[in-house]
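# Observations on the model geometry
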Amino acid sequence: MHDHPVTSSSTLPQPADSASPAALDAFIARWQRAGGSERANYQLFLAELCELLALPRPDPAGEDTRDNAYVFERRVLMRQPDGSASNGFIDLYRRGAFVLEAKQSGRTLDSSGWDKAMLRAHNQADQYARALPADEGRPPFILVVDVGRNIELYAEFSRSGATYTPYPDPRSHRIRLDDLHREDIRQRLREVWLDPLALDPARRSARVTREIADRLASLARSLEAAGHDPQQVAGFLMRALFTMFAEDVGLLPPRALTELLESLKGQPHTFAPMLEHLWQNMNTGGFSPILRNKVLRFNGGLFAEASAIPLDRDQLELLLKASKADWRYVEPAIFGTLLERALDPRERHKLGAHYTPRAYVERLVLPTVIEPLRAEWREVQAAALTYEQQGKHREAVAEIRTFHRHLCTVRVLDPACGSGNFLYVTLEHLKRLEGEVLNLLHDLGESQGLLELEGVTVDPQQFLGLEINPRAARIAEMVLWIGYLQWHFRTHGSVNPPEPVLRDFRNIEHRDALIEYEREEPVTDEAGRPVTRWDGVSYRKSPITGEDIPDETAQVVQIRYVNPRKAAWPQADYIVGNPPFIGAATMRRALGDGYVDAVRRTWPEVPESADFVMYWWHIASETVRADKARRFGFITTNSIKQTFNRRVVQAQLEAKNPLSLAFAIPDHPWVDAADGAAVRIAMTVGAGGEQDGQLSEVKDERETDQDEIDVTLQTRSGRLHADLRSGANVTGAISLRSNVGISSPGVKLHGAGFIVTPDEARSLGLGTIGGIEHHIRAYRNGRDLTDRPRGVMVIDLFGLTVDEVRTRYPAIYQWVLERVKPERDQNNRAIYRENWWIFGEARRDWRAMSAGLKAHVATVETMKHRVFQLLDANILPDNKVVNVATDDALLLGILGSRLHVAWALAAGSRLGVGNDSVYVKTTCFETFPFPDPSPAQAARIRDLAEQLDAHRKRQQALHPELTLTGMYNVLEKLRAGDTLTPKERTIHEQGLVSVLRELHDALDSAVFEAYGWCDLAA
């Protein structure tokens, strides 16, 4: 059986002669006369359709469904709610392209009976798509065919389990047989077969949008260079770009602006007054002498300020080039981000960076807002069609109209809306759903137009935003209007919307989402002078060392927020968005002491150790639990699973009237809209009450030529816990008394100047001045342990006063005075500034725990492969190393076993672009139940653990370039049965990785035996 590959649209075969007018007429005439059942006709109809369109015919089906990539009657296993299963058969399946369900209804097209038959067929196809094996993924299309009469297209390009919606829109997703005379329809069907993802409108619009943003950035750069204020430039360009959009969608006469700009090329001095006059006309409506035509009344605040910036000949040419772009295809979901970068001088260099792909946004918007509404719509459809079948036409229409009015009153809030991409994607999906509602009304004989004329329609007024950046807030409002108007013309053709075209709903508020306050005032000292702080970003070269140190001249004024109180969010049915990614440790540097103190005082319910985004999570949870919103969904970094953030989630799930997680993706690639950086995020959707949720986990990631990583998700249902897992609630495990007080992170320097090379240590007196060996020690951080040790040492002055350091070790004193104190002087915490010669966190408790030990067990907090090793007592571990105060290899063996590693992966979390595991001592170590082995079992585990530790250290000593990460990467490939590359074969030989594997297997067996679980060791 052949697995037919998808091809790019550029390689699609050209239509064959079989699609000649005569062939088309013959095909249509033949099938319009067809009768009988779909079982008798559908395969012949589809085979002849493939021949007509020069498409490959389906292959014969084989016994193994894995080989059946393009076949009739593809078998799938349908699992029932009661746990039973039965076989279903897809009428025609093409892997990676579509599931097709065929009917031969015999009913009048567009009648309620026909609608009901098509709805049943669509639902059947949807069930088949969801029943496909996870490794095949969901196809982007569902096709519903009424044999010989009609083909309906439904698409779901995110392929994440969301609802398939009419493609390209509810007005034109139905292809009648006569429509095959149109070349664009035939090409659309060919691409559904051969290159379905090429039909994703986001792909074309992304390219157009980036080109437009580049041109606007060039013009903005030129205007600012001419001395114009960036805010003035931004306002001017926003009015100009909306005018270009209005021209291309038909709100202005065709080519009106473009022809005006072309006519002014020889006389640029008249440009500003001419454009200002046009904008004044657009603001009020009526006849425009500039265009010699009537213009609609736009209003809405955008054109209330009608000033234009005079342009020279070159600048006018840049504006003209932007005007010639096809603004119909601009993608609002990314346009806001790119426009914000284009108009902000500090952000403009990021224009070429990646942006957040639309499909990623949809993965959160759909389960948060759209799927609950679609569940309601399915019930309404069933009820209305039942009424119609019973002859109760009025009741059927009333049922649908009631739902439509409900749809037009749903309010969606993004409390950190940026330039509006989440709100726009939600708007578009609501407009898609509205289109389906209006289609059904139309099929029941009701007029769609009446609703629009009455002003009953989904519009931007329903989409609310809070945004601290004033420019982004204005862009968000415009993005919503552009998206709304695009959808209006897709749905209603060339019919203009009611006037005024734009309305100033003030639905995007420029304000803080967390606190309100009476005023801001500068912090002053006793003399009334403003207190300043280092700006956190500016550095200078040290004149002594040449290293980067904080630039104390780069100061900003400290701000106090007077009488801060909790900010009230606008009432909304759904809350969705992507609050800022700022970790707890960097909040003060990013936001300033005054703001952080105000937020923490105002929201004491949120732990200070939680990330900034968790304030939004807490507020939204409280809102849903109070029944003031139905659901919320947020993007957070994937550290939401870590202890310091998980506490916020846990508190909501365990409250008296609990929150439930209705949907979660624990770890997903993401593009940070702020700087285009690749990050790892989690998606969570909260709903009130106790209910099961849907857990989607990334099973595969593939790079594409688009601005996204193609992600394959695997989904299951169950009760979701605070660690974003289902099944056993590992995070509910409590600390065991036997494990408390024997583990600790290493020291936290808060000053890179403490680190010295061995040569520098000797120059400071190591080996020549007595006692220094206690204060300059070997030092290891996480990378030293997973990669190659740097061979550095660290100055450890714990236990000494500053006077004792200066008196006993003056060379060391001068070293830290020049290299540590300047950085500490800028630290926000007084204890760090005052005790500048001592580590920020010197770990007094750890020193007491580990006193007298020859060695201790250590693991790196964040690492790809969870590995434990023994560190000599003379080595001082870094803060990112988790340490256990024992030199007994029994514990080393148990902790290094597959059993404990599995526990640690379940109880810990993931972090970073590499999605590495994080070992948290309180949840991974303190909760872990150790076995009670017999003396013989304990001796066996000790022996194997010592062999394993010695093996790794010996091979690394023999081959200094050999790393732990490299060895375990190869071990992972050996276990998977993958072929090793030449580089990996070298690592295999240097690390004797097959021996490493044997030692691990033997250790795993010994530890399982100690638990009495010998049967699980295999």
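- Under an unreviewed UniProt entry, the chain has the name site-specific DNA-methyltransferase (adenine-specific) and belongs to Thauera aminoaromatica.
- Comment text from UniProt for the chain, heading Catalytic activity (unreviewed entry), reads "a 2'-deoxyadenosine in DNA + S-adenosyl-L-methionine = an N(6)-methyl-2'-deoxyadenosine in DNA + S-adenosyl-L-homocysteine + H(+)".

### Some words on the domain arrangement of the chain
- Split by domain assignment, the chain resolves into domain 1 (21-199), domain 2 (203-330), domain 3 (358-510), domain 4 (579-728) and domain 5 (859-1017).
- Averaged C-alpha coordinates put domain 2 and domain 3 at centres separated by 29 Å.
- On the side of domain 3, 16 residues touch domain 2, which itself brings 21 residues to the contact.
- Our count for the contact surface shared by domain 2 and domain 3 stands at zero salt bridges.
- Between domain 2 and domain 3 we count four residue pairs in polar contact (both at pLDDT 80 or more) in total.
- Its residues placed into classes, the side of domain 2 that touches domain 3 shows 14 nonpolar, five polar and two charged.

### Looking at unusual backbone geometry
- Omega for the bond connecting Tyr167 with Pro168 falls within 30 degrees of zero, at 0 degrees, which places this linkage in the cis form.
- Its place among the elements puts Pro168 in the loop between strand 6 (165-166) and strand 7 (174-176).
- A cis geometry characterises the amide bond from Glu499 onward to Pro500, with omega recorded as -5 degrees.
- Positive phi, normally seen in glycine, also occurs at Arg292, with a value near 55 degrees.
- Mapped onto the elements, Arg292 comes out in the loop between strand 8 (286-288) and strand 9 (293-295).
- Using a relative accessible area of 72% as the deciding quantity, one classes Arg292 as exposed.
- Backbone geometry places Arg506, a non-glycine residue, at a positive phi of 55 degrees.
- Residue class for Arg506 comes out exposed when judged on its relative accessible area of 63%.

### Observations regarding the packing of helix 6 (residues 230-249) against helix 7 (residues 256-263)
- At their nearest, the axes of helix 6 and helix 7 sit 7 Å apart, and the two run at 120 degrees to each other. In this view, helix 6 runs oblique relative to helix 7, as classed from their interaxial angle. Here Ala240, Thr243, Met244 and Glu247 of helix 6 lie close against helix 7, whose contacting residues are Ala256, Leu257 and Thr258.
- A per-class count over the contact of helix 6 with helix 7 returns four nonpolar, two polar and one charged.

### Topic: the environment of Leu291
- Mapped onto the secondary structure, Leu291 falls in the loop between strand 8 and strand 9.
- Residues Leu291 and Glu259, spaced 32 residues apart in sequence, show a C-alpha to C-alpha distance of 9.3 Å.
- In contact with Leu291, other than residues within four places in its own chain, are Leu252, Pro253, Ala256 and Leu278.

### Here's the deal with the nonpolar core
- Counting residues in hydrophobic clusters, the biggest one holds 113 residues, and the most contacted among them are Phe236, Phe242, Phe271, Trp279 and Phe298.
- The element that contributes the greatest number of residues to this core is helix 11 (residues 358-389), accounting for twelve residues.
- Apart from residues no more than four positions distant in its own chain, Phe271 is found in contact with Phe236, Leu261, Leu264, Ile309, Leu311, Leu316 and Leu319.
- By size, the runner-up hydrophobic cluster in this structure holds 44 residues, among which are Tyr561, Ala572, Trp616 and Val624.

### Description of the sheet that holds strand 29 (residues 776-780)
- The four strands are arranged 28-30-29-34 in an open sheet whose pairing can be described as mixed. This sheet does not close on itself; its edge strands, each paired only once, are strand 28 (755-756) and strand 34 (875-877).
- As judged from the two bridges shared by strand 28 and strand 30 (residues 793-795), these two strands associate in the antiparallel manner. Considered in strand 30, the bridge of Val756 is made with Met793.

### With respect to the environment of Ala217
- Its place among the elements puts Ala217 in helix 5 (residues 201-225).
- Through-space distance from the C-alpha of Ala217 to that of Arg997 is 56 Å; in sequence the pair is 780 residues apart.

### Some words on helix 8 (residues 271-284)
- Compared with an ideal rise of 1.5 Å per residue, which puts 14 residues at 20 Å, helix 8 spans 20 Å between its outermost C-alpha atoms and is within 8% of the ideal.
- Taken as a whole, helix 8 has its buried residues at Phe271, Ala272, Leu275, Leu278, Trp279, Asn281, Met282 and Asn283.
- Next to the buried residues of helix 8 lie helix 6, helix 7, strand 8, strand 9 and helix 9 (313-323).
- Residue Gly285 follows helix 8 closely and has a positive phi angle near 80 degrees.

### Overview of the pairing of strand 24 (residues 678-688)
- In terms of burial, strand 24 is a largely internal element, eight of the eleven residues being buried.
- Two strands pair when backbone bridges link them, and strand 22 (residues 631-637) and strand 24 are joined in this way by seven bridges, in the antiparallel orientation. Bridged to Thr637 within strand 24 is Ile681.
- Of the strand pairs in this sheet, strand 23 (residues 659-671) and strand 24 are connected by ten bridges, and their pairing is antiparallel. Directly across from His668, in strand 24, lies its bridge partner Ile681.

### Considering the packing of aromatic side chains
- For the coordinates displayed, the defined rule picks out 34 aromatic pairs.
- With 5.9 Å between their ring centres and 15 degrees between their planes, Trp481 and Phe505 make a pair best called stacked. Of the two residues, Trp481 is situated in helix 15 (residues 470-492) and Phe505 in the loop between helix 15 and strand 12 (508-510); the sequence distance between them amounts to 24 residues.
- In this structure Trp481 comes out as buried when scored by relative accessible area, which is 7%.
- Taken together, a centroid distance of 5.9 Å and an interplanar angle of 70 degrees make the contact between Phe925 and Phe930 edge-to-face.
- Each member of the aromatic cluster is reached from another via a ring pair, and the members are Phe236, Phe242, Phe245, Phe271, Trp279, Phe298 and Phe303.
- Above the ring of Trp815, the side-chain terminus of Arg819 is found at 3.6 Å from the ring centroid.

Reading guide: rules and limits
Residues numbered from 1 in each chain as written. Predicted model: local features only at pLDDT ≥ 70, side-chain atom pairs only at ≥ 80, totals over all residues. Heavy atoms only, no water. UniProt positions renumbered as here; feature names shortened; annotations may be inferred. Domains from an automatic or database assignment. Contact = heavy atoms within 4.5 Å. Salt bridge = Lys/Arg side-chain N within 4 Å of Asp/Glu carboxyl O. Polar contact = N/O pair within 3.5 Å; in protein donor to acceptor, adjacent residues only side chain to side chain. Nonpolar A, V, L, I, M, F, W, Y, C, P; charged D, E, K, R; others polar. Helix = DSSP H or I, 4+ residues; strand = E, 2+ residues; numbered from the N terminus. Buried < 20%, exposed > 50% of the residue type's maximum accessible area, 1.4 Å probe, protein only. Axes fitted to C-alpha atoms, helices over the stretch in contact; angles between N-to-C directions. Parallel < 35°, antiparallel > 145°, perpendicular 65-115°, else oblique. Core = buried A, V, L, I, M, F, W, Y, C linked by side-chain atoms within 4.5 Å. Pairing = 2+ DSSP bridges. Expected span 1.5 Å × (residues − 1). Phe/Tyr/Trp six-rings, centres within 6.5 Å; stacked < 30°, edge-to-face > 60°. Lys NZ or Arg CZ within 6 Å of the ring centre and 35° of its normal.

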